[in-house]
Amino acid sequence: MWNRMSSFGLLLSSVCTIAVGTITLAADNDPPQGYRALFNGKDLSGWHGVSTEDPRKMAELTQEARTEARQKSREDIEKHWSIQNADLVNDGQGLYLTTDESFGDYELLISYKTVAKADSGIYLKGNPQVQIWDWTDDEKIKLGADKGSGGLWNNTAGRPGKDPLVHADKPFGEWNAFRIRQIGARTTVFFNGKLVVDNAILENFFDRKKPLIAKGPIQLQTHGGEIRWKNIFVREIPASEATSILANDGFTALFDGETLKGWSGAVENYEVVDGAIRCKSGKGGVLHTMDEYGDFVVRLEFKVPPGGNNGLAIRYPGEGDTAYVGMCELQVLDTEAPKYAGLDPRQAHGSAYGMAPAARGYQRPAGEWNFQEVTVVGPTIKVELNGNVILDTDLSKITEYMGNSPHPGKERTQGFFGFAGHSDPVEFRNVKIKELSSVR
């Protein structure tokens, strides 16, 4: 059931959820190997209270103001939250219990038990939410409660993850268990051992035009009735594992890891080093595929040196500056390097150069490998970086250009895919493509 995410499948065999029964806990709130407890079973250390608020606003506060806000929330928390035996209990009112820590790529295990008419959820990165509700409530059935809990309720209607894939709720009075994994905005939810959300993007509830924040707190939403929580464990996922999970099968390799066989253009300006294609220092030009593509998805890993600059040539005609004569050049850049402080937003990493700006703040530091997926369909381009959609645009609708320089190639419907070097030793590996339409 996890053939698209083999590394996680291996993990599943040794570190699984309590829900599927392969781990026996020594005691409640005692984390399994590889995880750590967010609730210690004794007090609310590491937690504070917040309602449904844009986490970016909290992040903008000074440390002093943030500490003051957290301390102020304690009065409400102590009124509505209690610890009974091993359970963390809320009376169905008050602020949502919120971790002091923020999380980026992670796996969360959490168990809950609630009552009829209750309506709750788990906020991820401060964003609503993995839904928990009474699936028997006639008033909620019209909202989709009969489909069960576990869906990404606040996603747009019809979008992946909005509704759970299967109904997996247990009867009231029994404990339910989630395993939730989030890499970037990519969210997978197992509920009582059943897959209910499969690698769906959790939308930014506070600004749907922007991606989910890179890091944020976990919140336990509470309203409508008593809810009990326990066994709240987290495992932070390292970058290498996150990349392995994101890289699905079903793609054709464009690079054999050893030679530049199958590539054309500025071949002499690139080299293969340690299983990666690297632009030679001081060299440049476009290294491109021998085949042309129309609509496609390409997946790759890239690594930039400090201040490094390169680009992805999209529907490149084979000669000229791909930023203008190709459909576009998608920037590959160490955007946060000091020398780029004055960049036009349309020059940031992931941007369609000179035309459409990508969101910033999702790239790993220079010298680390990043995973990127690019989807090209007709005039549209979507760029997903480390699990976060940083660009989703229709180039045919763009009429304003950086420096008032036109991009006559943006209407191209086919061309080569490649790398647009700009003298820096930027590296690429695990380059794979899936055609959505053929031009041959």
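The following paragraphs examine the structure supplied in this document. (Residues numbered from 1 in each chain as written. Predicted model: local features only at pLDDT ≥ 70, side-chain atom pairs only at ≥ 80, totals over all residues. Heavy atoms only, no water.)

1. Overview of helix α3 (residues 63–80)
We count it as follows: In this text, helices come from DSSP runs of H or I with a minimum length of four residues, and strands from runs of E with a minimum of two, each type numbered from the N-terminal end. In a helix, the anticipated span is given by 1.5 Å times the number of residues less one. Two axes enter the definition of the bend at a residue: one is fitted to the seven residues ending there, the other to the seven starting there, and the bend is the angle between them. Partly exposed describes any residue whose relative accessible area lies between the buried limit of under 20% and the exposed limit of over 50%, with all areas from a 1.4 Å probe on protein chains only and scaled to the type maximum. The contact criterion used is simple: two residues touch if any of their non-hydrogen atoms lie within 4.5 Å.
Taking 1.5 Å as the rise per residue, α3 with 18 residues should run 26 Å; its terminal C-alpha atoms sit 26 Å apart, in good agreement. A bend of about 30° at R74 is the largest found in α3. All of the buried residues along α3 are R66, S73, I77 and H80. On the buried face of α3, the contacting elements are β2 (47–50), α2 (55–59), β3 (81–84), β4 (87–90) and β5 (96–99).

2. Comments concerning the environment of V426
Relative to the helices and strands, V426 is located in the loop between β25 (415–422) and β26 (427–435). Once the C-alpha coordinates of V426 and F205 are considered, the two residues, 221 residues apart in sequence, prove to be 35 Å apart. Those residues in contact with V426 that sit more than four places away from it in its chain are I277, R278, C279, K303, V304, P305, G308, N309, N310 and V332.

3. Description of the pairing of β4
For clarity, the cut-off: Strand pairing is assigned whenever DSSP detects at least two bridges linking the two strands.
What you see with β4 is no split at all: D87 and V89 on one side and L88 and N90 on the other are buried throughout. As paired strands, β3 and β4 are joined by four bridges and run antiparallel to one another. Bridge pairing in β4 links W81 to N90. Joining the antiparallel neighbours β3 and β4 is a turn of two residues, in which N85 adopts a positive phi near 55°. As paired strands, β4 and strand β13 (residues 227–236) are joined by three bridges and run antiparallel to one another. Bridging across to β13, V89 finds its partner in R228.

4. Some thoughts on empty space enclosed by the protein
To keep things clear, this is the line we draw: A pocket, in this scheme, is an open set of points on a 1 Å grid over the protein atoms alone with protein on both sides within 12 Å along at least 5 of 7 lines, while a cavity is a set where a 1.4 Å probe fits but cannot get out; residues line either one if an atom lies within 4 Å of a point. Grid points are joined across faces, edges and corners, and a volume is the space filled by probe spheres set on the points. When residue character is reported, Ala, Val, Leu, Ile, Met, Phe, Trp, Tyr, Cys and Pro are called nonpolar, Asp, Glu, Lys and Arg charged, and the others, Gly included, polar.
Within this structure, the stated rule accounts for three cavities of 30 Å³ or more. In this structure, the largest cavity encloses a volume near 60 Å³. Lining the largest cavity we find Y112, K113, T114, W133, W135, D169, K170, P171, F172, G173, E174 and N176. Of the residues that constitute the lining of the largest cavity, the class distribution is five nonpolar, three polar and four charged. Empty space within the second largest cavity amounts to approximately 40 Å³. Taken together, Q131, W133, G144, G148, G151, W153, K162, D163 and P164 make up the lining of the second largest cavity.

5. Focus: the packing of aromatic side chains
This is how the line gets drawn: Between the rings of Phe, Tyr and Trp (Trp by its six-membered ring), a pair exists once the centres lie within 6.5 Å; its type follows the angle of the planes, with under 30 degrees stacked, over 60 edge-to-face, and the other angles tilted.
Under the counting rule described, the total for this entry stands at 14 aromatic pairs. With a centroid separation of 5.8 Å and 50° between ring planes, the pair formed by F103 and Y106 is classed as tilted. As far as the burial class goes, F103 and Y106 line up, both buried. For the ring pair F205 and F206, a centre distance of 5.2 Å and an interplane angle of 85° mean the geometry is edge-to-face.

6. Side note on the sheet that holds strand β15 (residues 263–265)
The pairing of strands in a sheet comes from backbone hydrogen bonds and takes either a parallel or an antiparallel form. Under the convention used in this document: Working convention: axes come from line fits to C-alpha atoms, limited for helices to the stretch in contact. Angles between N-to-C directions cover 0 to 180 degrees.
One open sheet accounts for five strands, arranged β15-β18-β25-β20-β21; its pairing is antiparallel. Bordering the open sheet on either side are β15 and β21 (328–333), each of which pairs with just one other strand. Strand-to-strand twist across the sheet, computed as the mean angle between neighbouring axes with direction ignored, equals 25°. In the sheet, strand β20 (residues 309–316) pairs with β25 via three bridges, with the strands oriented antiparallel. Bridging from a neighbouring strand, L312 pairs with F419 of β25.

7. Brief notes about the pattern of salt bridges
What counts here: Here, a salt bridge means any Lys or Arg side-chain nitrogen found within 4 Å of an Asp or Glu carboxyl oxygen.
Applying the stated criterion across every chain, the model contains 20 salt bridges. We note a salt bridge from R56 to D54, for which the minimum N-O separation is 2.7 Å. A relative accessible area of 13% places D54 in the buried class. Residues R360 and E336 are paired through a salt bridge, measuring 3.0 Å at the closest nitrogen-oxygen approach. With a gap of 24 residues between them, R360 in the loop between β21 and β22 (370–377) and E336 in the loop between β21 and β22 connect regions that are remote in the sequence. Of the residues examined, E336 reaches a relative accessible area of 53% and is grouped as exposed. A single salt-bridge network, built from bridges that share partners, covers E107, R179, R235 and E241.

8. Description of the layout of surface pockets
Here the largest pocket is characterised by a volume of approximately 680 Å³. Taken together, 32 residues make up the lining of the largest pocket; nearest its centre are R159, I201, K382, V389 and D392. The set of elements that each furnish at least two residues to the lining of the largest pocket consists of β11 (194–201), β22, β23 (380–385) and β24 (388–394). Classifying every residue of the lining of the largest pocket by side-chain character gives 15 nonpolar, four polar and 13 charged.

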